[in-house]
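Here is what each chain is made of, one letter per residue.
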Amino acid sequence: MTEEDKGMLRDIFAGLSMCGLIMKNIGTPQDMAEASYRMADALMEARDKGEELGIAAVKPRKRYLRKGA
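The rules behind the values
- For every chain, the first residue of its written sequence is number 1, and the numbers climb from 1 along that sequence.
- Thresholds applied to this predicted model are a pLDDT of at least 70 for local features of residues and 80 or more for the giving and counting of side-chain atom pairs; totals over whole chains, interfaces and linings are not thresholded and use all residues.
- In computing side-chain properties, one takes all heavy atoms of the structure into account and sets aside hydrogens as well as water.
- Under the scheme used here, helices are H or I runs from DSSP no shorter than 4 residues and strands are E runs no shorter than 2 residues, and both carry numbers assigned from the N terminus.
- Think of it in three bands: residues with accessible area under 20% of the maximum for their type are buried, residues over 50% are exposed, and the middle band is partly exposed, with areas taken using a 1.4 Å probe on protein chains only.
- Accessible surface area values rest on a Shrake-Rupley calculation with a 1.4 Å probe, where residue burial reflects the displayed protein chains alone.
- Throughout this description, the term nonpolar core refers to a set of buried Ala, Val, Leu, Ile, Met, Phe, Trp, Tyr and Cys residues connected via side-chain atoms within 4.5 Å.
- What a helix should span is 1.5 Å times the count of its residues minus one.
- Taken from the helix axis, the directions to the C-beta atoms give the arc we talk about.
- Residue contacts follow a heavy-atom distance rule, with two residues in contact if any of their heavy atoms lie within 4.5 Å.
- The rule for a salt bridge is simple: a side-chain nitrogen of Lys or Arg has to be within 4 Å of a carboxyl oxygen of Asp or Glu.
- Only the stretch in contact is used when a helix axis is fitted, and all axes are lines through C-alpha atoms; the angle between N-to-C directions ranges over 0 to 180 degrees.
- In this scheme, roughly parallel covers angles under 35 degrees and roughly antiparallel covers those over 145, while 65 to 115 is roughly perpendicular and the rest are oblique.
- Take the far helix as the reference: if the near one is turned anticlockwise from it by less than a right angle, the crossing is left-handed, and if turned clockwise, right-handed.
- Following the grouping adopted for this structure description, the nonpolar residues are Ala, Val, Leu, Ile, Met, Phe, Trp, Tyr, Cys and Pro, the charged ones are Asp, Glu, Lys and Arg, and the polar ones are all others, Gly among them.

Caption draft 1: Region of interest: the overall build of the protein chain. The helix and strand inventory of the protein chain stands at two helices and zero strands. Every one of the 69 residues in the protein chain was classed for burial, and the buried ones make up 14%. Accessible area of the protein chain: about 6,400 Å², with a carbon and sulfur share of 58%.

The structure is reproduced here in structure tokens:
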């Protein structure tokens, strides 16, 4: 991913965060803009860690075959 792509992804994250803040009507427009970019930066950091969480991180159990079946 290029630096330009990362910048665009950050802006997308910030826009989505801004939508949530607008729906909750939290603070002034300036406060919402700053908070949305703080959230976008946190999302970018979490994305760069590469750590899988949730259902995708669950390891499948080993299946045992029944003897004589």
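Caption draft 2: Molecular detail of the nonpolar core. Grouped together as the largest cluster of nonpolar side chains are five residues: L9, F13, A14, A40 and M44. Secondary structure elements with two or more residues in this core: α1 (3-24) and α2 (29-49). For this core, the element with the highest residue contribution is α1, accounting for three residues.

Caption draft 3: Expanded view of α1. For α1, built from 22 residues, the straight-helix expectation of 32 Å at 1.5 Å per residue is met to within 8% by its first-to-last C-alpha distance of 32 Å. All of the buried residues along α1 are L9, F13, A14, S17 and L21. Considered in projection along α1, the buried side chains sweep an arc of 135° and stay on one side of the axis. Residues of α1 that are exposed and point more than 90 degrees away from the buried face comprise E4, L16, I22 and M23. Structurally, α1 contributes buried residues whose contacts are with α2. Remark: N25 follows α1 within two positions and exhibits a positive phi of approximately 55°.

Caption draft 4: The arrangement of the pattern of salt bridges in detail. Counting across every chain of the model gives two salt bridges. Note that R10 and D41 form a salt bridge whose closest N and O atoms lie 2.5 Å from each other. A residue pair is termed long-range when its members are at least 10 positions apart, and R10 in helix α1 and D41 in helix α2 qualify at 31 residues. Residue class for R10 comes out partly exposed when judged on its relative accessible area of 30%.

Caption draft 5: Fine view of the packing of α1 against α2. Two elements in contact, α1 and α2, have axes whose closest approach is 8 Å; the angle formed by their N-to-C orientations is 130°. Taken together, the axes of α1 and α2 are oblique relative to one another. Seen from above, α1 lies across α2 with right-handed handedness. In this structure, α1 contributes K6, L9, R10, D11, F13, A14, S17, M18, L21 and I22 to the contact, and α2 contributes M32, A33, A35, S36, Y37, M39, A40, D41, L43, M44 and R47. Split by residue class, the contact of α1 with α2 holds 14 nonpolar, two polar and five charged.

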